[in-house]
Amino acid sequence: SYSSTGITTQTAVYTFPIATYRGAEYFFQITNGTFYQVVKVMVVHDGTNVVSSEAYTDDIQIQTGTQNTSFTFDINSGNLRLLVSASSGSATIKGSARLLVL
């Protein structure tokens, strides 16, 4: 599990080594003021690129209010990273990840 508070700019909130794991399933909650978002998303990588289920039917995302916090994934220094940023306010994320071994 992981937790991070006070997020304003793009922040890596969870990482794992791509040499050990091929992908992951994330389940997390983002809070920013009166904005609440619950997300379930899957990711997989090929060593260079990360593909997430945001564009597919496996993605589940529920939110209240106008979205002011976003998330994305990338690979940096041999790690796949979950990145969160807030366009306004200050975000808190709490969640868990299930990792898939190579």
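I will try to describe carefully the structure that is included in this document. (Residues numbered from 1 in each chain as written. Predicted model: local features only at pLDDT ≥ 70, side-chain atom pairs only at ≥ 80, totals over all residues. Heavy atoms only, no water.)

1. Notes on the sheet that holds strand S2 (residues 11–17)
Stated precisely, the cut-off is as follows: Strands qualify as paired when DSSP identifies two bridges or more between them. Only DSSP runs of H or I covering at least 4 residues are called helices, and only runs of E covering at least 2 are called strands; the numbering of each starts at the N terminus. Each axis is a line fitted through C-alpha atoms, taken for helices only over the stretch in contact, and angles between the N-to-C directions span 0 to 180 degrees.
The sheet built from three strands is open, its strands ordered S2-S8-S7 with antiparallel pairing. The two strands at the open ends of the sheet, each matched to only one other strand, are S2 and strand S7 (69–76). Each strand axis lies, on average, 20 degrees off the axis of its neighbour in the sheet, ignoring direction. As paired elements, S7 and strand S8 (residues 79–86) share eight bridges and run antiparallel to each other. Paired with Asp 74 across the strands is Arg 81, a residue of S8.

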